[in-house]
Amino acid sequence: MAHRIIFWLSLLLFSTPLAAQTTSAQSLTLERIFSSPELSGSTLRQVKLSPAGDRVTFLRGQENDKNRMDLWEYHIKDQQSRPLVEADQVMPDERPLSEEEKARRERARISSLRGIVEYDFSADGRFLIFPLGGNVYVVDLERSPIRVEAVTTSSSFDTDPKISPDGRRVAFIRDQDLWVANLTDQTVRAITTDGDGPIKNGMAEFIAQEEMGRNTGYWWSPSGDAIAFLRVDESRIEMTKRYEVNADRIDMVNQRYPYAGTDNVTYQLGIASIHKESNPQDHIQWINLGQETDIYIPRVQWLPDGQSLSYQRQSRDQKILELVTYDLDTKKQRVVMTEQSDTWINLHDNLYYLSDGSGFIWSSERSGYNHLYLYLFDSQKLKPLTQGAWAVDELVGVDEALGLVYFTAAYPDPTQKQLMRTSMVTQAPDVATPVSTKAGWHEVVMDNDAAFYIDQYSSTTQPPQLSLHRADGEHLAWLNENTIAPEHPYWPYANQHRRGEFGVLRGPEAQRLHYRMITPPGFNKNEQYPVVVHVYGGPTSRLATNQWSRRILIEQYMAQQGFIVFSLDNRGVVRQGKAFQDAAYQRLGRIEMVDQMVGVDWLRSQPFIDADKIGIFGWSYGGYVALMAASQYPGDFAASVAVAPVTDWSLYDTHYTERYLGHPEKAQEAYEKANVLTYADEIQDPLLLIHGMADDNVLFTHSTVLMQALQEQTIEFDLMTYPGEKHAISGKSQRLHAYQTISNFFKRHLEPN
């Protein structure tokens, strides 16, 4: 095979053990990785700073059940962490989830969690609100002792509660309608009443949840006297039958699934006046969304004065995104920002309206990288706040008094996420100030005034830590230091932990391809090792990052079994500039493999690699890439594992598929070349196909059509299916079984020492 490497650069991180002082070391097992307590330490989720500034709150898994979550607090005054609300005390016997809630949690990737899985503060920080078991509860933090009271106790399954900014009302979704409860007089009334069948009020449709990063369909006004909401009509989407195969039955599910090239939902955007005593439906302003109805509404946001509402309108082909404002008094609309692309526009949440109404901060990839801009309504001009060959991830806070803007970024390279700062009056947008300094991954939450922030930090050698800081980076307190010490769950395994090696290869067009490689304990460069290439490759996520996750533990396990584990981020993925990502436009399934083979060729050139024993594994989009590897490069991979893979993009949804491939009627060749079935008859090496039989994201059909295609060509393959499991295969035993199956498959075919 021709050698594809133009240039490579390796940045070696010392492979010393994580805890060299450990006197005895245990080897990781898959059973231990998937059992309690969590090897990564305390599981902390949804970390928030109270608007009152007195506490930090988070969800934490129970000691003996890491997936049942309680609400905890760190009280800043006494510097103590303690349970705030324990799920078992509120509802010891949690009733079964509704089908709608099951689907919503699956799309939010929290399907394995129970107990308190979400919560929110009132604007002043006095109240907390959370759903549990289909009811809505409110916590008054000023009462002593703290009291938890039920807001709703209906037989219906109430979801998505939000407390009004003034703390007087709670809105929630019941039976596809928007409802409001008054906390003063305990009355509950429906704001809409026509929710049924294909009509959903205040709810995020499937596409919004799965592909657009929007998990709600309504928004309180700043004063709390109005709610903006979307009325979604799914009737244009053809009803299809999907079969969910369970262990003891087969359920036929009627689902309006928007296959690529087919109809989407239609939207109405309304504003309901809540303070009116008469029927709220008589006081709904409906906003004209334009003549074109085949659009997306990915974002809705109030302006600070509460007299104007903004929404983002995205064209069906996703090449145009408009930011539109609507004046409630004059009913006039204005397009204040338009983003255009020859490929697609990436959605984001980086919109911040200045409190004085003078303008807003917005992020855009118009320069080639995602950067922040200041837009002033008077001048109608964009002023760059950041600039350079690196990408902004998220706008996390604005200190308007000091004119400071805080954001996270892929800096100094895409393997890291750092907290940065710039000024709204900067004359040098290419100069930004790092706030965080430790190499690794910083997930940051700031308070409303951008005076303090919570840093959830991790790296490939440090499980997630939680700390409180001033805006300038000064460390104030540990909320969860999570040091790997003798009492830590990971301590017995730390001596075997491998830090790994990060590096950069050069592709055929001189593109920088970041990789990460983990070698087995006791690695000897004079010996040869088999390789498992762990791939994702899809546009929305990277694998070669300096952060901790359960994936790290799986890779550590595989390394301890004698494999080298290698991951490379190919063209098409985020956080490396628009040109790097745009290379995948209408080239899915091909551009990824060109770059992945750069990594494979480099591996083969290393003396410590057994070139005949290179396998590849991926889940979801990674499963798709693994299949393309097996079919487009037969003989190059000794074994391939594809879990829940896309095989035929015409079977996937509109928003994701058309973003990268275009409309199937206008891009038939792109769809054909992106179809696994086009190349499937070339598969000749051992293949393991795994899929959940109730997957409602990447439908089980993707695997069944591949099964038939392989059978028609009399191509042998291994198969493992999971009755009742969705896309994540999140059942505790089933998830463990899936990884045992994968591990054993590679052991059989790659034969590590």
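Up top is the structure these notes are about.
Conventions adopted
Residues numbered from 1 in each chain as written. Predicted model: local features only at pLDDT ≥ 70, side-chain atom pairs only at ≥ 80, totals over all residues. Heavy atoms only, no water. Helix = DSSP H or I, 4+ residues; strand = E, 2+ residues; numbered from the N terminus. Rg over C-alpha atoms; globule rule 2.2 N^0.38 Å. Contact = heavy atoms within 4.5 Å. Pairing = 2+ DSSP bridges. Axes fitted to C-alpha atoms, helices over the stretch in contact; angles between N-to-C directions. Phe/Tyr/Trp six-rings, centres within 6.5 Å; stacked < 30°, edge-to-face > 60°. Lys NZ or Arg CZ within 6 Å of the ring centre and 35° of its normal. Core = buried A, V, L, I, M, F, W, Y, C linked by side-chain atoms within 4.5 Å. Buried < 20%, exposed > 50% of the residue type's maximum accessible area, 1.4 Å probe, protein only.

K.L.:
Outline the overall build of the chain, listing residues and values.
P.N.:
A count of helical and extended segments in the chain gives 13 helices and 45 strands. Against the compact-globule benchmark of 27 Å for 753 residues, the chain has a radius of gyration of 26 Å, which places it among compact chains. In terms of principal-axis extent, the alpha carbons of the chain reach across some 75 × 60 × 60 Å. Contacts spanning at least 24 positions in sequence make up 59% of the contacts within the chain whose residues lie at least 6 apart.

K.L.:
Any chance you could break down the sheet that holds strand E27 (residues 359-364) for me, citing the residues and the numbers?
P.N.:
Spatially, E26-E27-E28-E29 is the arrangement adopted by the four strands of the open sheet, whose pairing is antiparallel. Of all the strands in the sheet, the pair left with one neighbour each is strand E26 (351-353) and strand E29 (381-384). Averaged over all adjacent pairs, the angle separating strand axes in this sheet is 25°, with direction ignored.

K.L.:
Could you give me a rundown of the packing of aromatic side chains, with the residues and numbers involved?
P.N.:
Across all of its chains, the model carries 33 aromatic pairs by this definition. By way of ring pairs, the aromatic residues Trp344, Tyr536, Tyr585, Tyr621, Tyr624, Trp649, Tyr652, Tyr656 and Tyr660 are connected into one cluster. Geometry around Tyr218 places Lys162 over its ring, the cationic atom sitting 3.6 Å from the centre. Its end group placed over the ring of Trp619, Arg735 keeps NZ or CZ at 4.6 Å from the ring centre.

K.L.:
So what's going on with the sheet that holds strand E7 (residues 120-121)? Which residues, and what values?
P.N.:
Overall, antiparallel pairing links the four strands, which are arranged E7-E8-E9-E10 in an open sheet. Looking at strand neighbours, the two that pair on one side only are E7 and strand E10 (147-152), the edges of this open sheet. Two strands pair when backbone bridges link them, and strand E8 (residues 127-132) and strand E9 (residues 135-140) are joined in this way by six bridges, in the antiparallel orientation. Looking at the pairing, Ile129 lines up with Val138 of E9.

K.L.:
Any chance you could break down the nonpolar core for me, citing the residues and the numbers?
P.N.:
Within the largest apolar cluster, 97 residues are counted, with the highest numbers of intra-cluster contacts made by Tyr624 and Trp649. Considering each element in turn, this core owes the most residues, eight residues, to helix H8 (residues 621-632). Among all residues touching Tyr624, those that are not within four sequence positions of it are Leu588, Gly589, Glu592, Pro645, Val646, Trp649, Ala674 and Val676. Counting residues in hydrophobic clusters, the runner-up holds 38 residues, among them Phe34, Phe563, Trp619 and Tyr739.

K.L.:
Give a detailed account of the environment of Ala208, specifying residues and quantitative values.
P.N.:
The topology assignment puts Ala208 in helix H4 (residues 206-211). When its relative accessible area of 0% is taken as the criterion, Ala208 is described as buried. With 101 residues separating them in the primary sequence, Ala208 and Arg107 have C-alpha atoms 9.9 Å apart. Excluding anything up to four places from it in sequence, Ala208 contacts Gly213 and Arg214.

K.L.:
Talk me through the side chain of Ser640; I want residue IDs and the actual numbers.
P.N.:
Among the structural elements, Ser640 can be located in strand E43 (residues 639-643). Exposure remark for Ser640: the relative accessible area of 2% places this residue in the buried category. Among all residues touching Ser640, those that are not within four sequence positions of it are Ile616, Ala626, Ala630, Pro686, Leu687, Leu688 and Phe745.

K.L.:
Which residues make up the pairing of strand E4 (residues 65-75), and what values go with them?
P.N.:
By the criterion of burial, E4 is predominantly enclosed, with nine of the 11 residues buried. When strand E3 (residues 55-62) meets E4, the two strands line up antiparallel, connected through eight bridges. Following the sheet pairing, Thr57 is matched in E4 by Glu73. The hairpin turn running from E3 into E4, its antiparallel successor, is two residues long. Both E4 and strand E6 (residues 114-115) contribute to a ladder of two bridges, which runs parallel. Bridged to Arg68 within E6 is Arg114. Inspection of the sheet shows E4 paired to strand E5 (residues 80-85) by five bridges, in the antiparallel sense. Among the inter-strand pairings, Trp72 is bridged to a residue of E5, identified as Pro83. As consecutive antiparallel partners, E4 and E5 are separated by four residues, and within that stretch Gln79 has a phi angle of approximately 55°, a positive value.

K.L.:
Hey, could you go over unusual backbone geometry for me, with residue numbers and the actual values?
P.N.:
Ser36 connects to Pro37 through a cis peptide bond whose omega is -5°. Considering the arrangement of structural elements, one finds Pro37 in the loop between helix H1 (30-33) and strand E2 (44-49). A cis geometry characterises the amide bond from Tyr411 onward to Pro412, with omega recorded as 0°. Topologically, Pro412 is positioned in the loop between strand E31 (404-409) and strand E32 (418-423). Unusually for a residue other than glycine, Asp175 sits at a positive phi of about 50°. Mapping Asp175 onto the fold places it in the loop between strand E12 (169-174) and strand E13 (177-182). In the Ramachandran plot, Arg575 falls in the positive-phi region, its phi being about 75° despite a non-glycine side chain. In this structure, Arg575 sits in the loop between strand E41 (564-568) and helix H6 (578-582).

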